[in-house]
Amino acid sequence: MKLILKKRHRREKWFKRTGQMSLYLVLFFLGVIFMEIFSTGYSAFLRTEIAGGSAPQDLLNAFEQYTNQKKSWSIASDAVDMYYKHGKLGKLTSNQLDTINSLKENGQIRLSFNWAFFTHSDSREPELAGIWGGLLGSILTLLVTFTTAFPLGIGTALYLEEFAPKNRLTHLLEANINNLAAVPSILFGLLGLVIFIHFMGLPRPSALVGGLTLGLMSLPVIIVATRAALSSVPSTLKESALGLGATPLQVLFHHVIPSALPGIMTGLILSLARALGETAPLLMIGMVAFIGNPPSSFLDPATVLPVQIFNWSRSPEMGFVENTSGAILILLLLLALLNGIAIFIRKKYET
Amino acid sequence: MNNHIVKAYDDELKALHSLIRHMGELTFEQISKATQSIIECDAVLAREVIDRDHEINLLETKVDDLAIRILALRQPVASDLRTVVAALKISNQVERIADYATNIAKFALILKDMPLFPEVKGLSTLVQIPMRMIKDALKAFELSDLNLALQVWHMDREVDVLYQAYLHKIFSEMIEDPKNVGPCTQLLFAAKNIERIGDQSQNIAEAVYTMITGKPFKESDNVKNEPKI
Amino acid sequence: MTFKMDVKQLNLFYGDKQALFNVNLGLPALQTTALIGPSGCGKSSFLKCLNRMNDIVLQAHVEGQVLLDGQDIYAPSVDVVSLRTKVGMVFQKPNPFPRSIYENVAYGPRIHRLFKTKSELDQIVEKSLVRAGLWGEVKDRLPQPAMRLSGGQQQRLCIARAIAVNPEVILMDEPCSALDPIATAKVEELIDELREKFTIVIVTHNLQQAARVSQQTAFFHSGYLVEARETGALFTTPHDERTQGYITGRYG
């Protein structure tokens, strides 16, 4: 008897330990990834500047200069930038190295916050490239996604959950919606390509088409989440309202939807977060092209943040490596923000 | 009737029945012995009867305790409730009957110092029906036998008739010889007690009637359709 | 006797399954009728027939008549919404809306527009809470969430919510099954007081409760109404063997 007890305790301990170990392993990998991204990416927010007139043109960026009130500073070329930040020699000649070192001694070279990383759009020059175009593209795209997927998703879920007759057809429909939520996202890209570009003839790499495509992709997720939220509203709540003489529509709008709203909003925000990080379907509809200017309308050629990261990661210049990591940091921050909002909403209305 | 789902409940009701049965048997014996002690002028037997009365009192408190316990813990309804209430009433009445037996035994102690009197034998005839009544009334309670309860109820009339006849006999003895007045008065009291036993047994029969039918006993309803004995 | 509600030859079907068979039962005005019986005997289904809550269940189908003041509530001309203001309902588990105490009581009057000014609504709320015996306990915290009340208070709040729309009949589906004995006693006392104004029907598994609060008791068994009599009579001298077996604990 005692032996069995001992054995059982040992097994439980073993099981617990294994779980703990796997958790620590996951945390370790996560830590490594974050460390790697952060250590490469933080320098993207800094840039090297050289005091005006104190250096030859070949050390400067050819296109842009930065002036402040007392002293004008010029943006250093990416080779100088890499050397100054990381000590990487690259293609610098020994003459150029001497010049840089003498600038260093005279305090005529410095690091300052890289505003351009946030205000500029994509560029062939890594020191001038920024995320603004991608960010704006992402925002416009998500706006389109939100305005299409939200009402459609909620409407569908409400109908299926509250009004649709429970017959074989609706069962089939439900099963298929659940399956759609698990379909690879690239297929939605194909769908978008066929419907919105070939069939409807909308302009190719625009935020509108991207948003509609991502909307298609988010729909099943939103429907499933909304239905789960609606069905978790206790039936006693509905009964008591009906018992007081409320009409079914009053019950729905006064009680069911308010109670389900936190769940609905969480589902919605999480699906938007997923759409924000999505690349594959957008590649299918041509949003992968290099876009130098930020989009000024939904119909302008646009790209989104994850696609921009994808493009940068393929560029050969050394400067793009840190840009890639920097943009990833921003993207992660946005995703964390969206998830944070979702958690906040859930906590606030849960009680 | 089916058993209760809760067995302990059944056991308690059975215990209640058996306490009453035990009380009845003891009381029956007491009456018989008390009458015998009068007839045979047996002072020892009379004392035994008087001494044993407390046993019956003890049984009555036991019945009361158990009945109250069942009422509090089981909250009986319908037939169970009526059974418990009837048990409470019946135990009280049986205790009274036992008191009558004790009284008779006490008269025996007084009579033993008086000259022997022939009419004393008449008591043994007089006590027959009341004894049968108490036996049958308790049987009717135990078996929920409505017919038997009604039979018991109607027997009381015979007791009354026999009692009246006995009174006349005693009275005529008293008139014949004033010396007889002393013992005759004692016999009169003993006969009265025996007659009361019949009345109490009739009350038990009424309680059983109420227990079975749920209605209070009404004489007018039951006099006409007298059951066949 | 005049009946507030009179059920005649009621048959209830859920799809192919028949739940109630030829039920005839009159509910005397301003009295409490208790419905007892084993689980699944149809007493709750019967209760729901009285304010057409069965309409929620799509496959439920009713035959026969349920008369409220002589008018059949299943007649096509009857509006379910106005029926339910006349026949209110209190449920098994206390289920206040996740809103303030005030809003819970005010909800019924709001959807039926039973008031003209805010002060009229205040009066309705106060009167209902007073009647439900809850006013003293909550008058200082009306804007607080109803979910913070204790279980017994929540149930009395639900009763206040039901009487706020001025019903004539109140249906209660095991209203005390989730409450402790003290809270139960308070609700029972409340039921007794409400009898002055309302006709009450209560489903309960607690036989003592049925005995305590009701004037008439109806015993249901597998879809049939076995016996309905004055409560005292039913609990001392039931006529039917099945009733006797059920209330004395010899059932099954």
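See the structure shown above.
The notes below deal with the structure included here. Here the residue numbering is sequential within each chain, running from 1 through the sequence in written order. Here chains are named by letter from A upward and ligands by number from 1 upward, in the order in which they appear as written. Only residues with pLDDT of 70 or above have their local features reported here, since the model is predicted, and side-chain atom pairs are shown and tallied only from 80 upward, although totals for entire chains, interfaces and linings are computed over all residues. Each side-chain value is worked out from all heavy atoms of the structure, with water and hydrogens disregarded.

### A short note on the interface of chain A and chain C
Basically, it comes down to this: Only heavy atoms matter for contacts: two residues are in contact if any of them lie within 4.5 Å across the pair. When a carboxyl oxygen of Asp or Glu lies within 4 Å of a side-chain nitrogen of Lys or Arg, that pair is called a salt bridge. What qualifies as a polar contact is a pair of N or O atoms within 3.5 Å, subject to a donor-acceptor requirement within protein and to the restriction that residues adjacent in sequence count only when both atoms come from side chains. What counts as a helix is a DSSP run of H or I of at least four residues, what counts as a strand is a run of E of at least two, and both are numbered from the N terminus. Any residue that is not Ala, Val, Leu, Ile, Met, Phe, Trp, Tyr, Cys, Pro, Asp, Glu, Lys or Arg is counted as polar, Gly included; the first ten are nonpolar and the last four charged.
Every contact between the two is made by 15 residues of chain A and, on the other side, 19 residues of chain C. On the surface where chain A and chain C come into contact, there are 0 salt bridges. Counting across the interface, chain A meets chain C through 5 residue pairs in polar contact (both at pLDDT 80 or more). At the level of elements, helix H9 (235–243) and helix H10 (248–276) of chain A are the ones that each hand at least two residues to the side of chain A that touches chain C. When residues of the side of chain A that touches chain C are assigned to their parent elements, the largest contribution, 7 residues, is made by H9 of chain A. Class assignment for the residues of the side of chain A that touches chain C results in 5 nonpolar, 9 polar and 1 charged.

### Remarks on the packing of aromatic side chains
Just so we agree on the cut-off: When two rings of Phe, Tyr or Trp (its six-membered ring) have centres within 6.5 Å they constitute a pair, described as stacked for plane angles under 30 degrees, edge-to-face for angles over 60, and tilted for the intermediate range. Exposed residues in this analysis have more than 50% of their type's maximum accessible area, buried residues have under 20%, and partly exposed residues fall in between, with area computed by a 1.4 Å probe over protein chains only. Definition used: whenever NZ (Lys) or CZ (Arg) falls within 6 Å of the ring centre and also within 35 degrees of the ring normal, the charge is taken to sit over that ring.
On inspection of all chains with the given rule, the structure shows 17 aromatic pairs over all chains. Here the aromatic rings of Trp312 of chain A and Phe320 of chain A are separated by 6.0 Å at their centres, their planes lie at 35°, and the arrangement is tilted. With respect to burial, Trp312 of chain A and Phe320 of chain A carry one shared label: buried. A centroid spacing of 5.8 Å and a plane angle of 25° characterise the contact between Phe107 of chain B and Phe189 of chain B, whose relative ring orientation is stacked. On the criterion of sequence distance, the pair formed by Phe107 of chain B in helix H3 (residues 78–111) and Phe189 of chain B in helix H6 (residues 181–213) is long-range, its members being 82 residues apart. Judged by relative accessible area, which is 14%, Phe107 of chain B ranks as buried. Judged by its relative accessible area of 42%, Phe189 of chain B falls in the partly exposed class. Every member of this aromatic cluster is reached through a ring pair, and the members are Phe45, Phe113, Trp115, Phe117, Phe118, Trp312 and Phe320 of chain A. Sitting above the plane of the Phe28 of chain B ring, Lys135 of chain B keeps its charged end 5.2 Å from the centroid. The ring of Phe97 of chain C carries the charged tip of Arg161 of chain C above its face, separated from the ring centre by 4.4 Å.

### Re the side chain of Thr217 of chain C
Residues and elements named next belong to chain C. Looking at the secondary structure, you find Thr217 in strand E9 (residues 216–221). On the basis of relative accessibility, which here comes to 0%, the residue Thr217 falls in the buried class. Reaching out from Thr217, the side chain makes a polar contact with the side chain of Ser214 at a distance of 3.2 Å. Those residues within four positions of Thr217 in sequence are excluded, and the remaining contacts are Ala34, Ile36, Ala210, Glu227, Ala228, Arg229, Thr231, Leu234 and Phe235.

### A look at the arrangement of the chains
Here 2 pairs of chains are in contact, and chains A and C lead that list by number of contacts. Looking at chain A next to chain B, you find no contact at all, with the nearest C-alpha pair sitting 33 Å apart.

### A short note on the environment of Ile345 of chain A
Residues and elements named next belong to chain A. Checked against the element boundaries, Ile345 lands in helix H13 (residues 319–350). Expressed as a C-alpha distance, the spacing of Ile345 and Gly87, which sit 258 residues apart in the sequence, is 47 Å. Filtering out sequence-adjacent residues up to four positions away, Ile345 remains in contact with Pro262, Met265 and Ile269.

### Describing helix H6 (residues 168–180) of chain A
Applicable threshold: One fewer than the residue count of a helix, multiplied by 1.5 Å, yields its expected span.
Taking 1.5 Å as the rise per residue, H6 of chain A with 13 residues should run 18 Å; its terminal C-alpha atoms sit 18 Å apart, in good agreement. The distance from a side-chain oxygen at the start of H6 of chain A to the backbone nitrogen of Leu169 of chain A is 3.2 Å, and the residue carrying that oxygen is Asn167 of chain A.

### Comments concerning the state of the cysteines
Stated formally: Cysteine sulfurs are considered disulfide-paired once they come within 2.5 Å of each other.
Considering all chains together, one arrives at 0 disulfides over all chains under this definition. In this model Cys184 of chain B remains outside any disulfide bridge; the closest cysteine sulfur is found in Cys41 of chain B, 14 Å from its own. Not engaged in a disulfide, the cysteine Cys158 of chain C finds its nearest cysteine sulfur in Cys176 of chain C; these two sulfurs lie 12 Å apart. The buried category is assigned to Cys158 of chain C, whose relative accessible area is 3%.

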